[in-house]
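# A structural walkthrough
In case you want the letters, here they are:
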Amino acid sequence: MSTLARMPQKAIVRLVLTGALLFLAGCSMLPGQAPKVQLVNVAPQSVGLLSQTLLLTLQVSNPNDSALRAKAGEARLWVRGREIAYGLLAQPILVPAYGSTQVQIPVTGNFLQLLGDLGRGGLPYEVKGYLVTDPFALRIPFQAQGVLHLPGQPGESASAP
């Protein structure tokens, strides 16, 4: 005879209800709407002959009534339709309910391929990536796009409107 068959009916009902409550509590921690992500700033971090690293500053806004916890993530920078850089979220983030947080992600690539595009005005960009939620390890994709305006003075960083 199975263990389940030997359990009193009230114990089985309690077990099922407890499991359902735990499931519903876990679901309430899942994001209802995807976060909104905007590129706020791009600043050079390191420059080498074969690769360069830029620091992307992203504004992550949470439109949900519970905090968004991300333990990992990635970002890919596309300029004029070409993927030119890739980076990983270096530390966990917490975006409060109905709030926003700035996140910095270093991305590394070879930006020399953009030299021919520098005199052509603003550079259309797209940042694509995802955040991995904590504790359920769900991937929440994000995307931001616009036009990068290059700095006019040495030492300035590029910015997006």
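To start, this report covers the structure provided alongside it. (Residues numbered from 1 in each chain as written. Predicted model: local features only at pLDDT ≥ 70, side-chain atom pairs only at ≥ 80, totals over all residues. Heavy atoms only, no water.)

## Concerning the packing of aromatic side chains
Heads up, the condition is: Centres within 6.5 Å make a pair out of two Phe, Tyr or Trp rings, where for Trp the six-membered ring is used; the pair is then stacked when the planes are under 30 degrees apart, edge-to-face when over 60, and tilted otherwise. Geometrically, a charge over a ring is one whose NZ (Lys) or CZ (Arg) sits within 6 Å of the ring centre while staying within 35 degrees of the ring normal.
Following the criterion strictly, the structure yields zero aromatic pairs and no others. Here the basic side chain of K128 rests over the ring of W78, its NZ or CZ set 4.7 Å away from the ring centre. In this structure, R139 is placed above the aromatic ring of Y130, and the distance from its NZ or CZ to the ring centre is 4.1 Å.

## Considerations on the environment of V147
What counts here: Secondary structure elements follow DSSP: runs of H or I no shorter than four residues count as helices, runs of E no shorter than two count as strands, and numbering proceeds from the N terminus.
Positionally, V147 belongs in strand 8 (residues 139–148). Taking the C-alpha atoms as reference points, V147 and R80, separated by 67 residues in sequence, lie 9.6 Å from one another.

## Description of the pattern of salt bridges
The condition that has to hold: One speaks of a salt bridge when a side-chain nitrogen belonging to Lys or Arg is within 4 Å of a carboxyl oxygen belonging to Asp or Glu.
The tally for this structure, following the rule as stated, stands at two salt bridges. In this structure, E83 and R76 form a salt bridge, with 2.7 Å as the shortest nitrogen-oxygen distance. Via salt bridges that share partners, E74, R76 and E83 belong to a single interconnected network.

## A word on the side chain of Q59
For clarity, the threshold we go by: Think of it in three bands: with a 1.4 Å probe and only protein chains considered, a residue is buried below 20% of the maximum accessible area for its type, exposed above 50%, and partly exposed in between. Identification of polar contacts relies on pairs of N or O atoms within 3.5 Å, with a donor-acceptor requirement for protein atoms, meaning one able to donate a hydrogen and the other able to accept it, and with residues adjacent in sequence counted only if both atoms are side-chain atoms.
Inspection of the secondary structure puts Q59 in strand 2 (residues 52–61). On the accessibility criterion, Q59 (18% relative accessible area) is buried. Within the structure, the side chain of Q59 is placed 2.8 Å from the side chain of S100, a separation counted as a polar contact. Side chain to side chain, Q59 and Q102 meet in a polar contact 3.1 Å long.

## Side note on the environment of L56
Heads up, the rule is: A contact between two residues is defined here by any heavy atoms of the two lying within 4.5 Å.
Tracing the backbone shows L56 in strand 2. You can call L56 buried: its relative accessible area is 0%. A C-alpha to C-alpha distance of 9.0 Å links L56 and P44, two positions twelve residues apart in sequence. With near-sequence residues (within four places) excluded, L56 lies in contact with L39, N41, V42, L77, V103, Q104, I105, V107 and V127.

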